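Inside the fold
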Amino acid sequence: MRYAMAIDTRKCVGCSDCVVACQTENNVPHGYCRDWIVENVSGAYPIVEVELRSERCNHCENSPCVRCCPTGASHIVEGGIVMVTHDECIGCGACIQSCPYDARYSHPDGYVDKCTFCQHRLQKGQNTACVEVCPTKCLHFGDIEDPYSDVSLALKNRTWKVLAPEAGTKPQLYFLT
Amino acid sequence: MGAGATAIGLSTLNIAGLNLAKAASSDIPVSDEEMTSFPTYCEVCFWKCAGWAYVDKNKNIRKIIGNTEDPHCNGRLCPRGTGGVGMYTDEDRLKTPLIRETVNGEQVFRKASWEEALDLVASKMKDVAYKYGPASFALFNHGAPGSHFKHLLHAYGSENEGEPAWAQCRGPREVGFSATFGSWIGSPEPTDIRDTNCLVLIGSHIGENMHNGQVQEVADIIGRNATIITVDPRLSTVAAKSKYWLPIKPATDLALLLTWIHVLIYDNLYNKDYVEQYTMGFDLLKEHVKDMTPEWAYGITTIDPATIRKTAREMANAAPSVIVHPGRHVVWYGDDSQRERAIAILNALLGSWGKRGGFYFKESVAIPKYPHPAYPHPEWSWKDNLDGKYPLSSMAITTEMLAASIPEMGYKHQIKAWIVAGTNLPLTIPNKDLFKNAAEAVEFIAVVDTMPMEITGYADVVLPECTYLERYDTLRAAPHREPNVALRMPAVEPKYETKPSWWIAKQLGERLGLADYYNYDDYADVLDWQLKKMGTSLEEMRRIGIKKFDRQSGPLYLADGEEYHFNTNSGKIELYSTEFADLGFDPMPVFTKHPEPEDGFYRLIYGRAPMHTFSRTSNNHNLFDLMNENAVWVNPKVAELWDLKNGQMVHLKNQDGITSTFPVKVRVTERIRWDSVYMVHGFGHDNKKLTRSFGRGASDTQLITNVMVDPMMGGTGMRGNFVTFITDKPGKEAEA
């Protein structure tokens, strides 16, 4: 089993609902976030394209943050979710530097924090808070090894890309184009 | 961008963030089972999505989640609804009643008890009624608190109640569609986007306006590759997702609509059976648009004739499953009712009204009226003051009510005092001088709000309302495909000394000798009485939040060839409006040219961001985190001309010499035309009590001083304002 997320950039309107839903679900302190919106504009008026995408930790199969963690606080759990054990984190920030996606931040309580794919919800059979709230249903989540999971079905018959493939991290966020 | 990237302005907020995080003492999510959920419907915008407020064991509201049964949101709240919890936690909230007094020649607010504040408001109401008659006491309102104060004023003897929803927002579309189909659009719009094959948007920026159910349906049709045609001088979010984006020259939309009508008729693309059966005036319309060819429109709109013909054909191919969307905030150029008429006529030619994928027949459930004595007949109402002007205004015109508050304006009947509930007039009403002069002229102003919005600065008495998460309110019974009712109940006790509007109004009513109109102890009693009459109960609604009812009015759509009587003079869809003709207005829309910017000035276009509503959410910490200021969008060519850099702070000055109080950040982007600039509405707060949003961004409303009034319904056209850049010493005015 490997959890993954597909983000449909054609549907995403960049409303940031995923950001605030994550904030209230996971008690992320004000001024910080575990997911965020990126807007890319290309072309010149009036031939212009806009890509909007909701980003977060890529839960990489080959995760540099886990490799560089000196205490083992960053680790991988079932389904490939990259987690941080707050009590074991010394806040050194090596993982923040190693992440090609800038997906981690220093929590004001002194540890490093990031997206958990709402593991506490998955354990109860619920979906992640961001997927559940998205008004455009542009987020698809599930076990990418299951051909009938929502994420696998979303990837079928669509073109997609991953971010920073050159980093070789085998990221698990797929952006439908 | 990356994690923590919303932490804009972190340098100043680090400390606050740290304290808050510590106070919360844990970042471990609380499981849903450990919380209690209470039904509510959202009050952050007018879409009123139903949801559940989750409260933990310490009586903290942790999150708000959409109600899956609710057709407004389908279980998915928008960012503002999800962030609605920030309205409850905002430490800048109004906390106690306040009374204005003069200390050493300086006007200050002092804290007061409810008893004292209510006594004062009631005594002023008695005083005004005695001196000028109760009709001279007016109400300005928005949203749920309005209904409670309307009841109070009706019982007291005034029907002078106005909301910006009419003359500053959607009035023209109700006039244009009513003249054509005999029916308002209303809210939520009965646009059957879910099933449409072609959606046409005239400046409507769905996705940036977060009208939830509508955004959801647009996302669905994007998913199945339906045609979207977006007309906008700015590449809006939805324009970027459309099959056709028509980057029109601003202020020329009506010419495009008329030429589309021309093409549908003269290229024989209109829905002949539908037009023959349901409409009147086709031959007159045909003659009217004879010369309005795409070549004619090209010179006006800058949209090339081939694109005009191709998009008209797209609509016709999809018909009747096509929607030319009426939009919502449509007070642009003063001929807005006529532009909306053209939109309605297009829909009629395509046969989309009453058809699947077009406009469905909406239905709402009737809420039983809780018994009370008959209201007294008011001595006069806002309509008597119009003297024949704006004959199609079926709701009060706020700007006319403001003008009637200024004795020098010479209105027959004068307004002498106001209650303002839930609307921040200074950041809503264009031409700030009108508002200011009116506020200074009236004898008394009471303001009911949850936040120290700018309007509270004009109040004699401020009455702090609790948020929607802390109160019972009227039932929501908005029209939809399925009639439904939704309950709002308190999830927690009101914070500070705040009170629900129903309580405030009742207290005032009792002080005014109107106790007969308040024959209940708690508003919950009223709700239970109403719900039981509807076949449910407060007890059941507390468990389910929303209940749906069977339709009584028939199917959602017209069957092929079905006979149907439209509520117009002729009983038909009026392509030629007899109503307009009778009143001396153009029975069919006529294009007129609107003023252009002078050299060095750019048309000010404004709109919405998905994470904010009006000016009311910019201080909400959750939503502030998502967007904490607006920016002025500038085309790169213009930026080069002015040597503007991305992120640079500038002041804006309009055609009347009004300069923005605060500087605003420049966003250099290819998404905007070279003859226009764009700003998100609702920023540039100048009340320091809004500690987060004070001084952030610029207020578009402040720069809107040229108002083009719609002679039919009094709408305040606001898109005829032009701004230029002041690049030297940005911040000077802000410090003053």
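Structural notes, computed from the coordinates. What you see is a predicted model, and the numbers here were worked out from it, not measured in a lab.

Another aspect to go through is the pairing of strand β12 (residues 322-325) of chain B. All names here are of chain B. Of the two faces of β12, both are covered, the one formed by Val322 and Val324 as well as the one formed by Ile323 and His325. The pairing of strand β8 (residues 198-202) with β12 spans 4 bridges and is parallel. Residue pairing across strands places Leu199 opposite Ile323, the latter belonging to β12.

Contacts between chain B and chain A engage 61 residues on the former and 56 residues on the latter. Interface area for chain B against chain A, summed over the two sides, is near 4600 Å², with a carbon-plus-sulfur share of 55%. At the junction of chain B and chain A, the tally comes to 6 salt bridges. Taking the shortest distance from any N to any O, the salt bridge between Asp32 of chain B and Arg121 of chain A comes out at 3.9 Å. The tally of links from chain B across to chain A stands at 20 residue pairs in polar contact (both at pLDDT 80 or more). Of all the secondary structure elements, the ones that give two or more residues to the side of chain B that touches chain A are α1 (10-24), β3 (61-66), α2 (79-82), α7 (212-223), α8 (237-240) and α21 (621-626) of chain B. Looking at the side of chain B that touches chain A, the element that brings in the most residues is α1 of chain B, giving 8 residues.

Inspection of the entire model under this criterion finds 58 salt bridges over all chains. Residues Glu116 of chain B and Arg110 of chain B are paired through a salt bridge, measuring 2.6 Å at the closest nitrogen-oxygen approach. For the salt bridge of Lys389 of chain B with Glu400 of chain B, the shortest nitrogen-to-oxygen distance reads 3.8 Å. Taken together, the residues Lys389 of chain B in the loop between α14 (336-350) and α15 (398-403) and Glu400 of chain B in helix α15 connect sequence positions 11 residues apart. Here Lys389 of chain B falls in the partly exposed class, since its relative accessible area comes to 38%. Taking relative accessible area as the criterion, Glu400 of chain B reaches 13% and is therefore assigned buried. When salt bridges with common partners are traced through the structure, they connect Glu25, Arg121 and Glu132 of chain A together with Asp32 and Lys63 of chain B into a single cluster.

It is worth spelling out the sheet that holds strand β10 (residues 173-176) of chain A at this point. Residues and elements named next belong to chain A. Overall, mixed pairing links the 4 strands, which are arranged β8-β1-β10-β9 in an open sheet. Each edge of the sheet is formed by a strand with only one pairing partner; in this case those strands are β8 (139-143) and β9 (160-161). Direction of pairing for strand β1 (residues 3-8) relative to β8: antiparallel, over a ladder of 5 bridges. Note that in β8 the partner of Ala6 across the bridge is His140.

All names here are of chain B. As judged from the 6 bridges shared by strand β4 (residues 98-103) and strand β5 (residues 106-111), these two strands associate in the antiparallel manner. If you follow Arg100 over to β5, its bridge partner there is Phe109. Joining the antiparallel neighbours β4 and β5 is a turn of 2 residues, in which Asn104 adopts a positive phi near 50°.

So, how was this worked out
- Counting starts from 1 at the beginning of each chain's written sequence and moves along it residue by residue.
- Written order decides the labels, with chains lettered from A and ligands numbered from 1.
- A pLDDT threshold of at least 70 governs which residues receive local features in this predicted model, and a stricter bar of 80 or more applies before side-chain atom pairs are shown or counted, although totals over entire chains, interfaces and linings include all residues.
- Side-chain measures here rest on the full set of heavy atoms in the structure, leaving out hydrogens and waters.
- Burial classes: relative accessible area under 20% of the type maximum marks a residue as buried, over 50% as exposed, and values in between as partly exposed (1.4 Å probe, protein chains only).
- By definition, any uninterrupted DSSP run of H or I lasting at least four residues is a helix, any uninterrupted run of E lasting at least two residues is a strand, and each is numbered from the N terminus.
- Pairing between strands is defined by DSSP: at least two bridges between them are needed.
- Contacts are assigned to residue pairs with any non-hydrogen atoms lying within 4.5 Å of each other.
- Here the quantity called buried area is the total loss of accessible area, with a 1.4 Å probe, experienced by two parts when brought into contact, counted for both.
- For this document, the term salt bridge refers to a Lys or Arg side-chain nitrogen within 4 Å of an Asp or Glu carboxyl oxygen.
- Nitrogen and oxygen atoms within 3.5 Å of one another constitute a polar contact, given that in protein one can donate a hydrogen and the other can accept it, and given that sequence-neighbouring residues count only through two side-chain atoms.

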